[in-house]
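Understanding the architecture of this molecule
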Amino acid sequence: MNEAIMHFIWSNRLMRPGEWYTQSGDRIWLESPGQHNHDAGPDFLGARLRIGKLWWTGAVEIHWHAMEWYRHRHQLDPTYNQVVLHVVWEGSQPATRFDGSEADTFVMKPWVDGSILDHYRQLMSEGGNFPCAPQQGQVDRSRYLAMLDRGGLARLELHTRRFREYLQRCEGDWNQAIWIGLARSFGLKVNSDAMEQIAFSISIAEIRACQGHFNLIWSKMKEQVEIDSTWIRLRRLRMRPASFPEHKLRQLAVLVAHGLPDVYELLSTSSPAEVRALFKSMSSIDAASHNLPSSDDCFSPTTLQVFIINTLIPALFCYGEEHHLPQEQDRAVQWLEQLGPEKNRITNIFASLNVHANNALRTQGMIHQLDAYCQPRRCLECAVGAYLLTRTLNKRYAKTA
Ligand code: SF4
């Protein structure tokens, strides 16, 4: 058991309804638990509550044991003068502030329904990637799908942030930023950073100047790999030969030697299908004449999908943001909904739990959910986790307080 569950109970006002009293016997009325503060300082800021006859707006500090106020040396820190209530699980020591006054103390333990703690223990004691797996039968599919939609949007925001960084490093050159994202897509998971760095070292102007001359582009790329061999480590761990980095780099060189569409041409297409059509002629380039296995597309449907999801759609979203065109941002989200679901290890995990995605927004949501919440066990911050913890409380209980 830890303070995280106390934070969850406090912020969602899940204490049993009734007349709550401070350690010194004053009644408490809680209007707002305040904003959860994830930075330094008290745990909740801007809480609004009445203690006895007085209304307060201030901070709330939460500890498992009342003595932790002193173990954390809050009595020596003026920041904690704003604490109006010290919420503890147990212990009765008063909390003395730096200015010598005392914050009221509320002991939460008698007011918490044991079922919340049981459900929390059950979640936290599960092994594996997905702690709620044994309980997934109790969660309505629509809850999981709503969670995946939110996760898909959060992942789009992460990809957009990376695209903005490209733009910044490229001094606003959108074509250069797209070229870097394209190279990254060819790196698969293992070599994406290395491919990105190679692309940063070759400008789109150089690429365009060499258009139609594969050998020139290929030698520039090889030169970069050799020059930067100390910091670019293209790895071939556990890969099929077709995915070896030198092979992917060669495919990239073939593709860009053929010529890349202009960024505005790409962004003005009406759908991912139209983007695919733009690249169609490139995917059928004669691979064998460039020392590539003839069975390989230079731009396989999987790599193209990665490029569209990780670079092109974020670029469209970013474009909408920069030009105050919310309809372009909506279009970016619609593109994710139009793209078919991805297939990978993570989507297989969700499928084994009978959670299926019908588009790329939701498969992106799966990746985000597993990486950001399930594996680090942030179940208390997840809508499904919150539901599992509170499902047995009656609605009146959950809302009162
Ligand atoms: S974070 Fe949410 S979806 Fe993931 S395991 Fe925990 S409760 Fe389940």
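Okay, so let's go over this structure. Owing to the predicted nature of the structure, the values given are computational and were not obtained by experimental measurement.

We now examine the site of the ligand. Every residue near the ligand is listed here: Phe130, Pro131, Cys132, Met147, Gln369, Tyr373, Cys374, Cys379, Cys382 and Gly385. Cavity membership is defined here by more than half of the atoms lying within 2 Å of grid points; on that basis the ligand lies in the largest cavity. Top element by residues in the shell around the ligand is helix H15 (residues 360-374). It accounts for 3 residues. A per-class count over the shell around the ligand returns 8 nonpolar, 2 polar and no charged.

Taken as a whole, this structure holds 2 cavities of 30 Å³ or more when the rule is applied. Each pocket or cavity is described by its volume, and for the largest cavity that value is around 80 Å³. Taken together, Phe130, Pro131, Cys132, Tyr144, Met147, Gln369, Tyr373, Cys374, Cys379, Cys382, Val384 and Gly385 form the lining of the largest cavity. At the level of secondary structure, the elements contributing two or more residues to the lining of the largest cavity comprise helix H4 (141-169), H15 and helix H16 (383-390). Take the lining of the largest cavity: its biggest share by element is 3 residues, from H15. In terms of residue class, the lining of the largest cavity is built from 10 nonpolar, 2 polar and no charged. In terms of lining, the second largest cavity is formed by Asn175, Ile178, Trp179, Leu182, Ile204, Arg208, Leu260, Pro261, Leu266, Phe279 and Phe307. With 4 residues, the single largest contributor to the lining of the second largest cavity is helix H5 (residues 174-185). A class-by-class count of the residues in the lining of the second largest cavity yields 9 nonpolar, 1 polar and 1 charged.

Thresholds, definitions, all that
Residues numbered from 1 in each chain as written. Predicted model: local features only at pLDDT ≥ 70, side-chain atom pairs only at ≥ 80, totals over all residues. Heavy atoms only, no water. Near = heavy atom within 4 Å. 1 Å grid on protein atoms, 1.4 Å probe; cavity = no way out; pocket = protein on both sides within 12 Å on 5 of 7 lines; lining within 4 Å. Sits in = over half its atoms within 2 Å of the grid points. Helix = DSSP H or I, 4+ residues; strand = E, 2+ residues; numbered from the N terminus. Nonpolar A, V, L, I, M, F, W, Y, C, P; charged D, E, K, R; others polar. Points joined across faces, edges and corners; volume = space filled by probe spheres on them.

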